Amino acid sequence: MRSVFCPGGIIATVHAALGYADGYLPEDEPLLAARANADDLGGCEPIRPATGAALRFLAAAIGTRTAVEIGTGCGSSGIWLLRGMRPDGVLTSVDLEPEYQRMARKAYAEAGFVANRYRLILGRALDVLPRLSDGTYDLVFCDTDVREYPDYLEAALRLLRVGGIVAFDDVVIPPELAGLEAAETDWGGPDLPQVREVAEILRADDRLTPLFLPVGEGLLAAVKRA
Ligand SMILES: C[S@@+](CC[C@H](N)C(=O)[O-])C[C@H]1O[C@@H](n2cnc3c(N)ncnc32)[C@H](O)[C@@H]1O
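The following refers to the structure shown. (Residues numbered from 1 in each chain as written. Predicted model: local features only at pLDDT ≥ 70, side-chain atom pairs only at ≥ 80, totals over all residues. Heavy atoms only, no water.)

Take the site of the ligand next. Taken together, 21 residues are adjacent to the ligand, and G71, S77, D95, A125 and D143 come closest. Backbone polar atom of I47 to an oxygen atom of the ligand: 3.0 Å apart, as the coordinates give it. Within the side chain of S77, an N or O atom sits 2.7 Å from a nitrogen atom of the ligand. Contact with the protein chains hides 90% of the accessible area of the ligand, taken as 600 Å² for the molecule alone. For the shell around the ligand, a count of residues per class yields seven nonpolar, eight polar and six charged. (Near = heavy atom within 4 Å. Polar contact = N/O pair within 3.5 Å; in protein donor to acceptor, adjacent residues only side chain to side chain. Areas by Shrake-Rupley, 256 points an atom, 1.4 Å probe, with all protein chains shown as cover. Nonpolar A, V, L, I, M, F, W, Y, C, P; charged D, E, K, R; others polar.)

Right, here's the structure in full:
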């Protein structure tokens, strides 16, 4: 990465890095098709390529066999996760919209994943998560209603094995989407109290090793160490 030593240079450098991160590992045909379907349907913004690459990296780094995704959408994040998981890994993905999951199934097939690599569960996350088994998952990825993130964190810590990873997208959402006036946001961290709460818990809990990655809309993650 090039450093620019001038007023505003840091900002130029950060912009360059973020742009490079999204373009470094660009979306291929199946991911572009999933994004186009999401654009057509509306209401389920796919993760950015750099976020997908980070998820794939995390999934690969810990040899993920079992992952839970909250927010299937039209399948973009699922494809990235499946590509990082072991060849026999199974993705469990939850969404309350059947049409999005229909598109996700199509996207997974186009990306070459057979049906036994994923399990799509239709329903509200907070109704579905209690039905999943404790301590059996390697990775939990959350990408739905940020106001429910504290509840997802509690569920994820129950579902994950020791050494597993929880990750949250949309940590840096625009104030208008958070229901706040732009003037209220003296930017020093996430705008929504629920997101701030999760960020603080991940940082303060000795049993967790946290990380914030400024990719896409902001990815917050932690390894469960105990
Ligand atoms: C941002 S989109 C997910 C995009 C997807 N991760 C991707 O990268 O393609 C959020 C999804 O969460 C779903 N959703 C919203 N609230 C939910 C809830 N309480 N339980 C389950 N799914 C929910 C929406 O239907 C939508 O598909």
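Formed by 31 residues in total, the largest nonpolar core has its most connected members in L129 and F168. Among the elements of the structure, β1 (66-70), α6 (125-128), β4 (137-142), α7 (149-159), β5 (160-168), α8 (193-204) and β7 (219-224) are those that each provide at least two residues to this core. The dominant element in this core, judged by the number of residues it contributes, is α7, at six residues. Every residue in contact with L129, bar those within four places of it in the chain, is listed here: V68, I70, Y152, A155, R158 and L159. (Core = buried A, V, L, I, M, F, W, Y, C linked by side-chain atoms within 4.5 Å. Buried < 20%, exposed > 50% of the residue type's maximum accessible area, 1.4 Å probe, protein only. Helix = DSSP H or I, 4+ residues; strand = E, 2+ residues; numbered from the N terminus. Contact = heavy atoms within 4.5 Å.)

Moving on, we get to the state of the cysteines. For the structure on display, the rule yields zero disulfides. Unpaired in this structure, C44 has its nearest cysteine sulfur neighbour in C74, at a distance of 3.6 Å. Note on C74: relative accessible area 4%, which makes it buried. (Disulfide = S-S within 2.5 Å.)

A word on the sheet that holds strand β3 (residues 118-122). Pairing between sheet strands relies on hydrogen bonds along the backbone, with the strands arranged either parallel or antiparallel. The strand order across the open sheet built from seven strands is β3-β2-β1-β4-β5-β7-β6, with neighbouring strands paired in mixed fashion. Looking at which strands have only one partner, the edges of the open sheet turn out to be β3 and β6 (208-213). Across the sheet, the axes of successive neighbouring strands diverge by a mean angle of 15 degrees, strand direction being ignored. Bridge analysis of β1 against strand β2 (residues 90-95) gives five bridges, and the strand direction is parallel. Residue pairing across strands places I70 opposite V94, the latter belonging to β2. With respect to the sheet, helix α3 (residues 49-61) is in contact with β4, β5, β6 and β7, its orientation differing from that of β7 by roughly 10 degrees. Running over the sheet, α8 touches β5, β6 and β7 and is turned about 35 degrees from β7. (Pairing = 2+ DSSP bridges. Axes fitted to C-alpha atoms, helices over the stretch in contact; angles between N-to-C directions.)

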